[in-house]
Amino acid sequence: MQWNRGDGHFSEISFLSGVSSTDWSWSPLLADYDNDGDKDLFVTNGFRRDLGDLDYINYQQTFNSPIGSPEAKLAKKQENVLQLEGVSIADYLFENQGDLTFIDQSENWGIRQPGFSHGAAYADLDNDGDLDLYVVSGGSSFPIDSHQDQDRFYRNDGSGTFVLDKSSLPKLVSSGSCVTASDYDQDGDLDLFVGGRIVPAQYPLSLKSYLLENRQGKFTNATSDIAPELTKTGLVTSALWTDYDNDEWIDLIVVGEFMPIRFFHNQEGKLVEQTNDTGLTGTNGWWNSIAGGDFDRDGDTDYIVGNLGLNSPYDASPEQPLCVYASDYDKNGSIDPVMCYYVQGENYLAHRRDDMIKQINAMRGRFKTYRSYAEATFERSFLPEELESAYVVRSDRFASSYLENLGNGKFSIQSLPTEAQIAPIFGIAVQDYNQDGYLDVLCSGNFHAAEAAAGPRDASLGGLLLGDGNGNFVSASPNRTGFIADGNARGIVQLSSGDQMLMVVANNNQPLEVFGFSLGGKMYQAKDKDAFTMVMLADGTSYKDEFTYGSGYLSQSARTLWLPPSTHELRVTSYQSSSREISLESYDHR
């Protein structure tokens, strides 16, 4: 945790604050869970293999001896990894003491069940004034349809204690990723989209995503009736409820691994996919996250979408995509995913010969030498009938990107600046950070768990992209901004503490980091049913800002809008399309 001391200086105080050891730390959510006026902290947890077990690490040193072949040592190491137990850990819930310190209240507030948790979101889902908590279960440690993958809903009793409510959710035992909330049907309560991720042990096969309709605090699976196309969404990583065509019905955009950017238009309570009508093509990517903002100040929402980036061994285009062909090639009952990509115009296998032989033994006879394997194109590596039966996914684009909303449901896409392409982008937050009246982008990334042949993707220090009000961005130097998030960064959320904005970065298997921005001026805290506002500036220009329940990577920021000094009026619209005007001359956010 980084405490902003002013003048660009920060002090690392995670041990003092009591939040230094939160294990795997996937998704941080800051909210006032006990209704005492300050922000508490919830962190999801768990991992499918305990790769940090010191006995395991120490035992691996025995393989450094010269005895035995490299292949045999590697096979033994892989066998040992599969024998590691999963790290089934309860999530953390910390109470803010108001003095830079937090107390672990997980047990006292009802967060007791160990598991493997990924995304999380909070909201007053039953309109009783208290925040409720939804936790998505995910991973591939358990077989398909395991009860261990059942999502969990914790109900807040009003005093900050969370109680597991098993009756609020239908049976959802698929491995999921994200959860986001919105009143898509305009009935006065918040409904949920739950993103499906991966079929355990059958990558890249994906599971169903779900639309859960809120019926007086109980959720029903309305996917087949309201949004049947969501059942085959793909390997979802992030989703955003957003009114992309300004018809005052909240639509849904979903992104994921080997997925196009998918658009689901809300037709007065029914979600219908209109991806092919957006004007976008070739958007299949390794997308991680999405967040929105009116970056060109034309009254509609544009989007920042985090991708793999361009600093990896892999390249992709619509003409030369990176693909995975998955099938049971050796007929042993398990799926063998095989990746291929183009090198100098030819399509080659991405895997080393040794790895392919271990996966598909028939490759040993087809390629008796490393040279013959290196020279063979992908098509020459398999029989035609093997490829005909394969399940194929593809990526056409790896650049993290800006989607400009052209109006009428049409979009254009362009790459973010080069500085934003040096590593994957996961966390995304949007705000006018330099108070010039133009929206900016704060992002975090890196990925330490990449395959050994490619190495860790860890070149990012985090980044601030300054907008110019026309949809263009310039990367600000970390030395200038003080925002340096160089860890194994995932989600990023923003919240307010007095007149200061706090940015919280979750690092996988590393401490949380907190950065402060002293923006000054006024801010607007959205009401529960506020959908968006038009920010009216003194020079006659304006921009749209949506208040979302969940965005970026497995994250949810406070629904707070920091206003530039030139703001003179807000025009706020609710989910039910009722509007009100707020004059900044008399408005006091405190």
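Rules used throughout
Residues numbered from 1 in each chain as written. Predicted model: local features only at pLDDT ≥ 70, side-chain atom pairs only at ≥ 80, totals over all residues. Heavy atoms only, no water. Phe/Tyr/Trp six-rings, centres within 6.5 Å; stacked < 30°, edge-to-face > 60°. Helix = DSSP H or I, 4+ residues; strand = E, 2+ residues; numbered from the N terminus. Buried < 20%, exposed > 50% of the residue type's maximum accessible area, 1.4 Å probe, protein only. Contact = heavy atoms within 4.5 Å. Pairing = 2+ DSSP bridges. Axes fitted to C-alpha atoms, helices over the stretch in contact; angles between N-to-C directions. 1 Å grid on protein atoms, 1.4 Å probe; cavity = no way out; pocket = protein on both sides within 12 Å on 5 of 7 lines; lining within 4 Å. Points joined across faces, edges and corners; volume = space filled by probe spheres on them. Nonpolar A, V, L, I, M, F, W, Y, C, P; charged D, E, K, R; others polar.

Peer 1: How should the packing of aromatic side chains be read in this particular structure?
Peer 2: Under the defined criterion, the tally for this structure stands at 24 aromatic pairs. Between Phe295 and Tyr402, the aromatic rings sit 6.0 Å apart at their centres with planes inclined by 80 degrees, giving edge-to-face as the arrangement. Pair noted here: Phe295 is in the loop between strand S20 (289-293) and strand S21 (302-306) and Tyr402 is in strand S26 (residues 401-407), with a separation of 107 residues, a long-range link. Judged by its relative accessible area of 1%, Phe295 falls in the buried class. Relative accessible area serves as the criterion here: at 2%, Tyr402 is assigned to the buried category.

Peer 1: Looking at this structure, I do not really get the environment of Phe447. What am I missing?
Peer 2: Residue placement: Phe447 occurs in the loop between strand S29 (440-445) and strand S30 (463-467). Overall, Phe447 belongs to the partly exposed group, its relative accessible area being 25%. For the pair formed by Phe447 and Ala489, sequence separation is 42 residues and the distance between their alpha carbons is 7.4 Å. Apart from residues lying up to four places away in sequence, Phe447 is in contact with Pro424, Phe426, Pro456, Arg457, Asn488 and Arg490.

Peer 1: Where do I start with the sheet that holds S20 in this structure?
Peer 2: Adjacent strands of a sheet pair through backbone hydrogen bonds, lying either parallel or antiparallel. The strand order across the open sheet formed by four strands is S20-S21-S26-S27, and the pairing between neighbours is antiparallel. Only two strands of the sheet have a single neighbouring strand rather than two, namely S20 and strand S27 (410-415). Between one strand axis and the next, the sheet turns by 25 degrees as a mean value, whatever way the strands run. As defined by bridge partners, S26 adjoins S27 across six bridges and the pair is classed as antiparallel. Bridge pairing in S27 places Gly407 opposite Lys410.

Peer 1: Explanation requested: empty space enclosed by the protein in the structure shown.
Peer 2: One simple way to see leftover space: roll a probe sized like a water molecule over the atoms. Per the stated rule, a full pass over the model turns up seven cavities of 30 Å³ or more. Approximately 340 Å³ is the volume found for the largest cavity. Val430, Gln494, Glu546, Thr548 and Ser551 are the residues nearest the centre of the largest cavity, which is lined by 22 residues in total. Elements with a contribution of two residues or more to the lining of the largest cavity: S20, strand S28 (425-431), strand S37 (542-546) and strand S38 (560-562). Broken down by element, the lining of the largest cavity gets its largest block of residues, four residues, from S28. In the lining of the largest cavity, the residues fall into eight nonpolar, 11 polar and three charged.

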